[in-house]
Structure formats: C-alpha cells, structure tokens
Amino acid sequence: MTPDSAKVRVGVLTSGGDAQGMNAAVRAVVRATLRMGAQPYAVMEGWAGAVAGGDGIRPLEWDSVSAVLHRGGTVIGTARSDEFRTWEGQMDAAEHLLLHGIDRLVVIGGDGSLTGTNEFRTNWPRLLSDLVAAGRLSPETAQAHPALMVTGIVGSIDNDFVGADMTIGTDSALHRILEAIDDISSTAASHQRTFVVEVMGRHCGYLALMSAVAGGCDYVLIPEMPPAEGWEDDMCLKLTKGREAGRRESMVIVAEGATDRDGNRITADDVSRAIKERTGETPRVTILGHVQRGGQPSAYDRWMSTLLGCAAAREAVLATTGSEPVIIAEHHNRIHRLPMMEQVEATRAIKDMVASRDYEAAVRSRGGSFAEMISVFETMSTPPELSPAVPGGLHHESEALTGDGRAAKRVAVVHAGGLAPGMNTAARAAVRLGLDHGMTMLGVNGGFPGLLDGNVTELSWDDVEGWVGDGGAELGTRREVPRIEQLYALGRAIESARIDALLVIGGYNAYLAAHLLVTERDRYPAFNIPIVCVPASVDNNLPGSELSIGADTALNASVHALDAIKLSAAASHRCFVTETMGRRCGYLTLMSGIATGAERVYLNEDGITLKELAADSERMVESFRSGRKLYLVVRNEKASENYTTDVLAKIFAEEAHGLYDVREAIIGHIQQGGSPTAFDRIMATKLVYHALRLLSAELEAGTFAASYVGLVRGQLVSHPLARMNEELDLDKRRPRSQWWMSMRDAIGLVNENDGPVPPSSLSAFIPDAE
C-alpha cells in the first residue's frame, strides 16, 4: 500500500568515512523527496546527530543543498559514534527521530555503517517498547511508527561492496591517485628512480590494482591475492629487467591492507627495504593517505550519485512497514536494488576467504573484471625478457618467430577520426598485449592517409613506454575516410607492409573506413584480413558500446569548465548559456548538466522549439524574481541548426529586461585535450585486451572476420562490422538506441523545483524499481 506522501518524513545521514560524491547523493535525496511531496531531514554528523538530538536533526528545504555538487566531503557531516553502539544510545536516537516523525532513513556509508543501521532497524520495536515503558514516548506515537524503513547507498572510496560496480567516491579517489602517480613518474624518470606508493584499501585492492594498470606501474600488492613466498625476488627481477628494457623509472603500488600469505602486513617500507637489499637502490616512499578522500568529486561521482540519491528517495517514500532494507547501487551503468544484509554479508565474507587462503574465491567475489585485470596487469608490466611469448625479447626483428617456429603475424595499429584522450593508452596496450600474443606490432603514423603513404613502423615494448597517461596520439590521427579511387593503392600499401591484421582505434570515421574495407573485399583481396575497431571518441556516438574511450575525460573537462563558469555567474545575477561537444549525440551535454546542476539542457535528440524557449524564458525570469543568482544552460553543439548558442543567449537576454545578465561560453577543444582519466585508461586497456584476443583467434584459425568491440551492460562484446549500419542512425551519426537517454528526467527532478511529481516518474532511470 502506498503511504500518504504528505505525512512522510525521511531522514538522510552520512556515516563512517567520507567519500567524494556524498554531497551529490544527499542533494538528490533531499530534492527528490521534496518533489514527491515528503519532508527530508538531515541527521547531522552521522548517528551522533541522532543520538544528540536537538540541532542534530534539521529539516531541509530545496535551497538547503544548493551549491554542494562540486564540494568534497559531506556537508551534513559524518562521524563514528560509540554511543550509538549502546542500547541507551539507540534509545536516544529512536526518540529523537520520532520527535520529528521520522521512521524512514536513507543511510549513505560503508558496510560497517549499514550493518549498524540494520541492527538499529531490527531493534526498533524493542527500543520503542522501552521508550514507552520509560515514559519517553507515547503509546500512540509508537503505534504510528511500528517499523523503521531503511534504504542504503554505499559511500566508500575502496569500492569494496559486493554487488556494486563502483561505490560513491571510488572514481574520485582514482583521480587523486593517478594525478599523484603521473606527477611522481615525471620526477622519477628524471632521476631514474624507484618509487613505492601506498594507496588506501584495507580489505580491497581495487584502488591499488586499477591505479597500477592506469598508471603503467611495475608491481602491485593487493589484499585479495597475497604474493607467494619469494615475492621480493620476483619483484626486483621485474624492476631490473624493466629498466634494461627501457624504463627510466620504476613504480610499485601497495594497498594499505596488503599482507603475505601468513597474514603479516606488507608495508611500503617493507617493499622499499626489500628493493634496497636486492638492488642497492634506495626507493622513495610516498603514502598518499587522506588526499585520496579529498578534493572535488569527479563527474561520474556527481551524476551517478545523483541518480542513486533519486532512486533512494523513491525507495524511502514508497517503503511500507513490511519492506526489507535495500541497497541502491550502480551495476553496469544502471541503478539496481539489492538486499542490504545479503550484500553486506557477502562483502564481509571476502576477508574470511583471504584468511582461509582461498584467494581465487576472494578475487572472484570482486567480479570478473577484477580477476581479468590482474591477468592484464601481469602481462602489461612484464618486461620482454621475462615474457615466454617472445623468445629472447626480439621485438625489433621483422621476422620474429613464435614459440613453434612460425613467422609472427604482423598486426598494424591505426588511429582515425577525431582525437580522443586515451588513444595513447590503447595503442600502448595493443603493442604490449600483442607482443605477449607473439605478434609483431606495427604502428601506422597519420591514420589511413599515413597507411597510404607507407608510414608504417615496427613498435617494440619500450617504444610505447610512457604512453599510458599521455594525452593526444603519438601515432597521430586523421579524419579522412579513404575514397573509392584510393582503395587500390590502400590495398597495395597493406600488402607492401605485409600487414596480417588491422586494429583500428578511433571514432565514427574510423568505423566508416573499416566498414568500407569490408564491403570492398570482393574487389580488393588485400582487405581479406582480420579487422577490429575499438571505440575512441569524445562524442560517445559509436555503435556496440555504451561508452567510448575519451568520453569520460571530455566529460570531466566539461564539468571543470562549467564549475568555473558557475562561480563567475554566482558573483552577480547572471544566466550562462554554454555549449559542449558531442555533435549530434547529447551524452556530454546531459551528463555535464546533471553533474553541475544545470537548470536546462538542450540535446539534438530532443531538438529545440520556439514554444519550449518561451516556456524556458518564463521559468528563468520567475527564478530570478524568486531570488536566484545564477542559471546554467548547457547546449549540445548540434542541438539545433538555427537556435545556436548565440541565438539562445540573445533570446534569454531579451526576455530578461535587465533583471539579470546573459553570457555565453563555448567550452571547445579543451574537452579533447589533457591526460586521460583513470576510467578511460582502464577501459582502453580492457577493450584492446578483448580486441587482441579476437584478432589472435582469427589469425590462428586463418580466417578474417571483421568486428567492432565495446562495453555493454558491463560486458565486453563484439559485433560484425559488416552489419554496423543496422545499429546506426546514419543521418545523425549516432546509435539508434542510447542507454543514457532515460536519465534526462533527472535534470528536471533535482535541478528545477517545478512542483510535485509522482514517485512513478522516477522509474524511467530506475529499471528494476518496480
């Protein structure tokens, strides 16, 4: 039975360690609760606020959570309360909550916080009974609130919760770690030094493993997979051989919870000591500590936390006394409801698996991607002399032989289309993983025009050293798609370079070029080679993949710029009309709008009408009359041919009649620049790993299938290139179906207070809400 939402009171609290993105979740809970006609309350300083009562529990309104999206930490505070662990403390908390009529909670925290919350929920009937017996609560109040209804959101930078792909704060923590690793690498390379870096992760090695992959590090120690006896010698051998193979610096990542197989902790100092004893070099030790928790949340930790908060608010408002507590979590880029205690117990069981030396089970419990990345890191970080796939490490020999004496297959890597941050990461992964497959790797300089001109060179393990975090594209990229009259020459160039397979990393034009080669195979036999396309485009408009390499970096650049613009606008009464990249795909625009709290977004997918502009202008005027100081509009660069950014700004300025200023800002090519984010580096590595496996299988079988790879619902998939057009809207140059479109309602729900909405309106971006 749906409760009377007018009487619903929902408390929101953050508990345990803080995590970047908690503010976005709190903001969404508060505003979605208000839009659904309920009253939100902040429980300040975690459970300490409930125990203390008084000002520790405060009603919240729409503007109570303004200007918090970009802030780290949690504006409602967090603490670990020893008093709450006692029965008397829980009695105090229950009494103080019921003084405000609160019997529904959204709790944002880690597994410890959620366990404590569930205990409180279980104790609720007895707590109320004791309060009534003590005369602190009326029987009528106790009868009106017989159960505590709880919804959880996991906030933990460790990413240690089973069932959630990414918990709040993890992506931002990876940003901090990668920034530090990149900075350390430059000074380490200058002096040819070794650094040992300790990152957070008491029981989970996610941050350590993924930062090691994304940072191009040499060795990693994680809690789930303690190293075997003699690991010190193995580590030092890899460091030594890596230097001999061309590395100027060495980097070892240690999770704070790393141990040996006897359960003894392995510290950064232990690693440093082992290196000094065996190599004579004195490594530098850096313990990143709480810097990983600090700073602004990443774009992902804003937009995803917003969706999580909206879903949690809906769950809390619709809960009944018989509802079981659930966790609202992200899984495969979508919102899911998970049974709270079942997932908490599964999370805590991993520690027992490690203690009982069942390391494989511990790794499996972290998910298939975690186990796969352990293997990928081992391959990527192993120097050529230690790789069994390349006897003697003879990567520079054009006639290098495989283990069974056959000539190594020659695989060419080519970029095409617009630049996307992460192309270098993908090319580096292709070379190192390809060499591990026993292939000879070739780099095509300058896209398909470069291939036509014969600009093809062999690439070795050390040729791609240092590419992992570099923006741009060392191999260069060009947008030109080969013309029909160039195909004969292109076929001759492929034959001349003795290319056995082609790995195409790029955007929409890269796919068009590869598709053209496939459709012309009957006329040009040289194109009868395996071809795989890997998506790399800031526009995120490619078929067969929910995300493209470079889109996350572009989104973060866009959000950073919009943050600065908002600060400028907040100094006076001002509307900013901004423009993002994306061509006719609105991904960057929508996610930027959610992440920065934009009041309005314009997408090519929806178009713009004069009627809508009139309504938007009226809403904007009303907002400023009500006391608003800034208003942010984000427009997709191809949202409309005629209603350009300049035209929109002029329309809004005309309607303002001096009430506020209107300015415009086109963010531009900074969205294509800069170092790739951790997410883009990790995804580039995953996608290329999958692509190389496909090419290897085709070469082994002597067949020449052509495909494009991608990430769909968290799974690595591939589709035949010949059928690419079936997935595409060729006029709009984007996929026919775009997974993120269901999230458009989040803009209006939490960024504009347009009156009450039914809870059912949130189900569009909560697929399993019903």
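In what follows, the structure referred to is the one given above.
Let me sum up the structure you'll find in this document. (Residues numbered from 1 in each chain as written. Predicted model: local features only at pLDDT ≥ 70, side-chain atom pairs only at ≥ 80, totals over all residues. Heavy atoms only, no water.)

**What to know about the sheet that holds strand E15 (residues 501-506)**
Spelled out, the test is: The pairing criterion is simple: DSSP has to find at least two bridges between the two strands. Here a strand is any run of E in DSSP of at least two residues, a helix any run of H or I of at least four, and the numbering for each starts at the N terminus. Inter-axis angles, ranging from 0 to 180 degrees, are taken between N-to-C directions of lines fitted to C-alpha atoms, where helices are fitted over the stretch in contact. Any pair of residues with heavy atoms lying within 4.5 Å of one another is described as a contacting pair.
Ordered by their spatial adjacency, seven strands build an open sheet running E14-E13-E12-E15-E16-E21-E22, and the pairing between neighbours is mixed. With one partner strand each, in any of the chains shown, strand E14 (456-458) and strand E22 (715-720) form the two edges of the open sheet. Ignoring which end each strand starts from, the neighbouring axes of this sheet average 25° apart. This element, helix H17 (residues 508-519), spans strand E12 (410-416), E15, strand E16 (531-535) and strand E21 (706-712) of the sheet and lies at about 165° to E16.

**So, the sheet that holds strand E6 (residues 194-199)**
Across the sheet, four strands lie side by side as E7-E8-E6-E9; this open sheet has parallel pairing. Of all the strands in the sheet, the pair left with one neighbour each is strand E7 (219-221) and strand E9 (284-287). If you compare each strand with its neighbour and ignore which way they point, the axes differ by 15° on average. Sheet topology note: the E7/strand E8 (residues 250-255) ladder contains three bridges and is parallel. Opposite valine 220, over in E8, you have isoleucine 253 as the bridge partner. Contacts from helix H6 (residues 170-191) reach E6, E8 and E9 within the one sheet, and its direction differs from that of E6 by about 170°. Here helix H8 (residues 231-244) sits on the sheet in contact with E6, E7 and E8, set at roughly 155° to E7.

**Notes on the packing of helix H14 (residues 423-436) against helix H22 (residues 678-701)**
Applied cut-off: For this classification, under 35 degrees means roughly parallel, over 145 means roughly antiparallel, 65 to 115 means roughly perpendicular, and everything else is oblique. Take the far helix as your reference; a near helix turned counterclockwise from it by less than a right angle gives a left-handed crossing, and one turned clockwise gives a right-handed crossing. Residue type decides the class: Asp, Glu, Lys and Arg count as charged, Ala, Val, Leu, Ile, Met, Phe, Trp, Tyr, Cys and Pro as nonpolar, and the leftover types, Gly among them, as polar.
Across the interface, H14 lies against H22 with an axial gap of 8 Å and an inter-helix angle of 40°. Viewed along their axes, H14 and H22 adopt a mutual orientation that is oblique. For the pair H14 and H22, the sense of crossing is right-handed. Residue-level contacts link Thr425, Ala426, Ala429, Ala430, Leu433 and Gly434 of H14 to Arg681, Ala684, Thr685, Val688, Tyr689 and Leu692 of H22. Here the contact of H14 with H22 is composed, by residue class, of eight nonpolar, three polar and one charged.

**Some thoughts on the pattern of salt bridges**
Note the following rule: One side-chain nitrogen of Lys or Arg within 4 Å of one carboxyl oxygen of Asp or Glu is enough to make a salt bridge. Exposed residues in this analysis have more than 50% of their type's maximum accessible area, buried residues have under 20%, and partly exposed residues fall in between, with area computed by a 1.4 Å probe over protein chains only.
Summed over the entire model, instances satisfying the criterion amount to 42 salt bridges. Close ionic contact of glutamate 465 with arginine 432 constitutes a salt bridge, the shortest N to O distance being 2.6 Å. Taken as a pair, glutamate 465 in the loop between E14 and helix H16 (487-496) and arginine 432 in helix H14 lie far apart in primary sequence, 33 residues in all. Note that arginine 628 is salt-bridged to glutamate 752, the shortest N-O span being 3.8 Å. Of this pair, arginine 628 sits in the loop between helix H20 (610-625) and strand E19 (630-636) while glutamate 752 sits in the segment after helix H23 (745-751), and the two are 124 residues apart along the sequence. In this structure arginine 628 comes out as partly exposed when scored by relative accessible area, which is 22%. With relative accessibility at 5%, the residue glutamate 752 sits in the buried group. Three or more residues are tied together by salt bridges with common partners; here these are Asp218, Arg247, Glu249, Arg432 and Glu465.

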